[in-house]
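# Descriptive analysis of the structure
Each chain, letter by letter, is given below.
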Amino acid sequence: MTVVTEPVVPASAREAPLAYGTVAKWFHWVTAALMAVALPVGFVIQHIKDADKMVFYAIHESAGLTILVVALLRLAWRLLVPPPPLPDHVPRLLGRAANGVHHALYALLIIQPILGFLATNAWGFPLQGDTAYLGFIEFPKFTEANEPVAAGLSLMHTIGGWSILVLLLLHVLAVVFHQALRRDGTLLRMV
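Bear in mind that the values here come from a model prediction, so they are computed numbers and not experimental data.

## Re the overall build of the chain
- When helices and strands are tallied, the chain shows five helices and zero strands.
- When its helices and strands are written in sequence order, the chain yields α-α-α-α-α.
- Against the compact-globule benchmark of 16 Å for 191 residues, the chain has a radius of gyration of 21 Å, which places it well outside the compact range.
- In terms of principal-axis extent, the alpha carbons of the chain reach across some 85 × 40 × 25 Å.
- Restricting the contact set of the chain to residue pairs at least 6 apart, pairs at least 24 apart contribute 75%.
- Accessible area for the chain stands at about 12400 Å²; split by element, carbon and sulfur atoms hold 71% of it.

Printed below as a string of C-alpha cells:
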C-alpha cells in the first residue's frame with residue numbers, strides 16, 4: 001500500500017504576507033507627499049493676491065496631475081499585485097470601513113485632478129504659459145471658456161477637496177487608533 005502525504009509547509013509560508021511590498025509603499029508615500037503639497041496650496045489659493053496666484057495655481061495643478069498619474073499607476077500595480085489581506089485580528093466592521101475609505105480615496109485621487117483640469121480649461125486657463133505642467137509642459141486647450149460650466153466644475157472640485165481631506169483624516173485617525181490604542185502593528189504594513 002502506498003501512502004501519499006502532503007509536503008509539510010511551515011505555517012509562515014502558507015500565510016499571505018501581511019505587509020505591503022516596496023513598490024506599493026513607494027506609491028503610498030509619494031501620493032502622501034504630493035497630497036501634502038496639493039491640498040494646502042489648493043485651500044489657500046483663494047486667499048492669495050491676484051498678482052501672486054499663478055504661481056500657486058501652477059504648483060497646485062502640477063501636483064494634482066502628478067497625483068493622477070501616480071494614482072493610475074498605483075491602481076494598475078494594485079490590480080497586478082493585490083494588497084495583502086488585513087490581519088485576522090482586525091474586526092470585520094473595521095476592515096469594511098478601511099476598504100470603503102481606500103476605495104473612496106482611490107476614486108477621488110483620479111476624479112479630483114480631472115475635475116480640476118476641466119475647471120481650469122473652462123475658466124479659460126489651460127495648462128500653458130505660467131501654469132504649464134511642471135512649469136514647462138504645455139497641454140493643448142481642451143475647451144473654450146465657459147463660466148457656468150467652470151463654476152459647476154469648480155464647485156465639484158472644491159467638494160472633492162474637502163472630501164479627500166475628511167477621508168485622509170479618517171485614514172490617519174485609523175492609523176493612530178491601530179497603533180496607539182490597539183497596538184496591533186497595522187502601521188507596520190506600510191512602513
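Text resumes after the structure shown.
## Notes on the packing of aromatic side chains
- This structure, assessed with the given rule, holds four aromatic pairs.
- Here the aromatic rings of F43 and W162 are separated by 4.5 Å at their centres, their planes lie at 45°, and the arrangement is tilted. Of this pair, F43 sits in helix α2 (residues 22-44) while W162 sits in helix α5 (residues 147-182), and the two are 119 residues apart along the sequence.
- Taking relative accessible area as the criterion, F43 reaches 25% and is therefore assigned partly exposed.
- Accessibility expressed as a relative area gives 48% for W162, which makes it partly exposed.
- Ring pairs connect the aromatic residues F117, Y133, F139 and F142, which therefore count as one cluster.

## Description of the packing of α2 against α5
- Running from N to C, α2 and α5 point in directions that differ by 135°, and their axes come no closer than 11 Å. One element, α2, and the other, α5, form an angle in the oblique class. α2 and α5 meet at a crossing whose hand is left-handed. Judged by residue contacts, H28, M35, L39 and F43 of α2 engage G161, W162, I164, L165, L168 and H171 from α5.

## As for the pattern of salt bridges
- For the structure on display, the rule yields two salt bridges.
- Across the pair K53 and D50 runs a salt bridge, and its minimum N-O distance is 3.5 Å. Of this pair, K53 and D50 both sit in helix α3 (residues 50-80), three residues apart, which is roughly one turn of that helix.
- You can call K53 buried: its relative accessible area is 17%.
- D50 gets classed as exposed once you look at its relative accessible area, which sits at 64%.
- Where K141 meets E144, a salt bridge forms, and the shortest distance between an N and an O atom there is 3.3 Å.

## Comments concerning the packing of α2 against α3
- Across the interface, α2 lies against α3 with an axial gap of 9 Å and an inter-helix angle of 155°. By the angle class used here, α2 and α3 are roughly antiparallel. In this structure, α2 crosses over α3, and the sense of that crossing is left-handed.
- The residue makeup of the contact of α2 with α3, split by class, is 17 nonpolar, five polar and one charged.

Conventions used here
- Residues numbered from 1 in each chain as written.
- Predicted model: local features only at pLDDT ≥ 70, side-chain atom pairs only at ≥ 80, totals over all residues.
- Heavy atoms only, no water.
- Helix = DSSP H or I, 4+ residues; strand = E, 2+ residues; numbered from the N terminus.
- Rg over C-alpha atoms; globule rule 2.2 N^0.38 Å.
- Contact = heavy atoms within 4.5 Å.
- Areas by Shrake-Rupley, 256 points an atom, 1.4 Å probe, with all protein chains shown as cover.
- Phe/Tyr/Trp six-rings, centres within 6.5 Å; stacked < 30°, edge-to-face > 60°.
- Buried < 20%, exposed > 50% of the residue type's maximum accessible area, 1.4 Å probe, protein only.
- Axes fitted to C-alpha atoms, helices over the stretch in contact; angles between N-to-C directions.
- Parallel < 35°, antiparallel > 145°, perpendicular 65-115°, else oblique.
- Left-handed = near helix turned anticlockwise from the far one by under 90°.
- Salt bridge = Lys/Arg side-chain N within 4 Å of Asp/Glu carboxyl O.
- Nonpolar A, V, L, I, M, F, W, Y, C, P; charged D, E, K, R; others polar.

Bear in mind that shape data such as this cannot, by itself, settle questions of function.
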